[in-house]
Amino acid sequence: MTPRSPDFICIGAQKAGTWWLRDNLRSHPGIWMPMVPELHYFDEALEGAIFPPRLASERAADETWRAAALAELQRLAMGGNVAAAAWWATYAFLDRDDQWYRSLFAFAPPESVAGEITPRYMLCGAEEIAHMHKVAPHAKLLFMLRHPVERFWSQCKMKHAGGRLPRGEAEEMRLFDTPNGRPRGEYSKAILRFCQAFAPEQMLLIFQEGIIHQPAAVMEAIHEFLGLPEAPLNIADLQEPRNQSASREPMPAGLRARLDAAYRTEIEAMAGVFGGYAAGWLDDKRSGESPPPVVRLSGAHVDALAHRAEQAARRRAGRTKIFCVSMQRSGTTSVGDWLEANGLTRVGSPTSVRMGWTRLWMQGNYDAIFSSSEFKRADVFEDDPWWCPDFFRVVAERYPDAKFILLERDADAWFDSMCHHSGGRNPGWTDIHARIYGREADLEEVIRKNPGIPSDGWSMLSIVEHREHYQAVYQRHGETVRSYFRDQPDRLFVGRLDAPDVFQRMCGFVGIEHNAQVPVPRSNASTDAMRHALEAYLEKRAR
C-alpha cells in the first residue's frame, strides 16, 4: 500500500452538520473515510488541545491508553476485520508525523475519493494551515456553516449534557470568550486564513440551513465538487438529523442578545458577500425562494471578505479607546453589546475574569493589563476593572485620547439590582469587593469568626442591610468621575440608563454611525430566578 494524501478535508464548523456529512458521504460507494471520526492531526498545537503524545513510545508508556488501544485491536482482529485491524495498528502504534498521516489513507482503494472530517481545523492558524497544504496541497476543503449564534448555543447544550459547562449566562459567556468559543463562528476570518495557502476554488461552503431545506441538492453538489460519479440518494437518510442535542431548551433571551451583538459584524460580512442563507442570519428569516445551499468559493469572494477586513482594520487603527466607567449594575454590559453590535471590538467581564485584570488592579500591576494582547486589540472596555476606585484616572492619563462613558441610574434602583443579581450578598471575589466598597473591616470580622476561610472567596459578605453605605459609594463614584473630566467635557459621555435615546447619542460621542438595524440592548438584567434567590436569602436571615 502506498501512502497518499487525502482528496478532501472537512475543516468544520462544529455543530454545523459535520455528523450528517460524515454519515451521508460514507453511503457513496466511491468514498473512503477513516474509521476514527476525527483525526485531529493539524490542530494538535492549538491552545486547549489534549491529545496523546506524538511519539508511539510515549503513548505506549501510558498503561491505560495502551490497554484500551490493544483491546480495540483485539476486538477488530477477533471479529475478522483484518483491514480495520491493520488500519488501527497504524493509527495507534506508529509515531504521529506526516508519513503516518498519509499512511492512514493508504488503506483507501486507489480509485476512491478519500478524506477526513475534523471540525476543529477551522481554528487553525497560518502555520497549521501551511502544514496542511504541505501535506495535502490538492485537497478540496468542505466548510460547513450555520448561523453563528445558533451554532454556539448548540455547542453550549452539548457541553451542558456532558457536564463540561455549568448552566447560566456567565459561564456560557466565559466559554464564548475562549479560543473554543467565539472563533468557531468567525467564518470569514477562517476563510481568509485558509485562502492564504489554498486556492479559493478548493473550498466549498455548505450551509446547514440548506441541509435542512434542500438535503438532496446539498449532497449532489458535494458529490459534484469532489468529482464523484452520480449515485442514488436515500432521501430518508438525508432528512434524518444527526448528533442533535436531546435538549430542546430555548436560548435565553439575555444570552441571545449578547451573542447577536458579538457576531453582528461577522454576520453582516458573510451576508454581504454570500447573500442567500447567510443574509437570512441578519434577521433570522428566509425568503420564500430557496437560495443556493452551497457556494463554491471564488477569488472574488475572498477579495470581498479581505476588503471588509481591511476596512475594519483601518477603522480600528484610527479609533481612540473607549472605557465604560459606570459602576456594576449600571448598564456596563449593555454598553459593550451596543457598541460591539455597531462595529467596535469589545472586551468585557469574561475577558477580565479570564485575564485576572481586577486582581491585577488591586495589586497595582497596571502594566500587565495594558500590555496584554486582549487590551491592545480592543476598542471598547466595559465592566471591571475600569470602574474600580480611581482607576479611570490612571487610564485617562496613560491614554490622553481615550474617551469615557458614565451611565447612571437612580441609587435605590441600582442597589436593588445589586441585591437581586447576587442574592443579597456581594457579587464576585469578596476581598476585591471589600476593597472597592470600603468593607475591609467587615471582611476581617467574617474571617475572624470563620478561621481558615480564604479572603478571596466568593460572596462572603451580606449587602442587604447596608443600603445607605452602598448608595453613598455609588453616588461618590459618579461625582468623582464628573469632577475629573469637568475641564475635558469632550472626553466624557454622561447619560441616564433609562433615557430613551441614550444609546443612540452614545454613537455620536464615540464617532460611529448608528446602525438602525441594531436593537437597543437590555443586557444582563435581573431575572426571576435572581429575585427568588434574594427572597429566599432574606427569609433565611429573618429566622
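Placed above this text is the structure.
Note that the coordinates shown come from a computational prediction; the quantities given were computed from them, not determined experimentally. (Residues numbered from 1 in each chain as written. Predicted model: local features only at pLDDT ≥ 70, side-chain atom pairs only at ≥ 80, totals over all residues. Heavy atoms only, no water.)

A separate point is unusual backbone geometry. Put simply, Gly 12 and Ala 13 share a cis peptide bond, and its omega is 0°. Omega for the peptide link from Asp 384 to Pro 385 comes to 10°, which places this bond in the cis form. With respect to the helices and strands, the residue Pro 385 is situated in the loop between strand 9 (380–381) and helix 21 (391–398). Phi is positive for His 40, close to 50°, though the residue is something other than glycine. (Helix = DSSP H or I, 4+ residues; strand = E, 2+ residues; numbered from the N terminus.)

Another aspect to go through is the sheet that holds strand 8 (residues 346–347). In space, the five strands of this open sheet follow the order 8-9-7-10-11, with parallel pairing throughout. At either margin of the open sheet sits one strand with a lone partner, and together these are strand 8 and strand 11 (492–496). With two bridges connecting them, strand 7 (residues 322–324) and strand 9 associate as parallel partners. Bridge assignment links Ile 322 to a residue of strand 9, and that residue is Val 380. (Pairing = 2+ DSSP bridges.)

Right, let's get into the packing of helix 13 (residues 253–274) against helix 15 (residues 299–317). Think of two packed helices as two axes; the pair is described by the angle between the axes and how far apart they sit. Put simply, helix 13 and helix 15 touch, their axes get as near as 10 Å, and they point 145° apart. The handedness of the crossing between helix 13 and helix 15 is right-handed. Contacts between helix 13 and helix 15 involve Glu 268, Ala 269, Gly 272, Val 273 and Phe 274 from the first element and His 301, Ala 304, Leu 305 and Arg 308 from the second. Counted by class, the contact of helix 13 with helix 15 contains five nonpolar, two polar and two charged residues. (Axes fitted to C-alpha atoms, helices over the stretch in contact; angles between N-to-C directions. Left-handed = near helix turned anticlockwise from the far one by under 90°. Contact = heavy atoms within 4.5 Å. Nonpolar A, V, L, I, M, F, W, Y, C, P; charged D, E, K, R; others polar.)

We now examine the sheet that holds strand 1 (residues 8–12). Pairing between the strands of a sheet comes from backbone hydrogen bonds, and it takes one of two forms, parallel or antiparallel. Spatial ordering of the open sheet is given by 2-3-1-4-5-6, a layout of six strands whose pairing is mixed. Two strands close off the open sheet at either side, each with one partner strand: strand 2 (31–32) and strand 6 (294–296). Pairing between strand 5 (residues 203–207) and strand 6: three bridges, direction antiparallel. Each bridged residue has a counterpart across the sheet, and for Leu 204 the counterpart in strand 6 is Arg 296. Those strands touched by helix 9 (residues 187–194) are strand 1, strand 4 (140–145) and strand 5, and its axis lies near 175° from that of strand 4.

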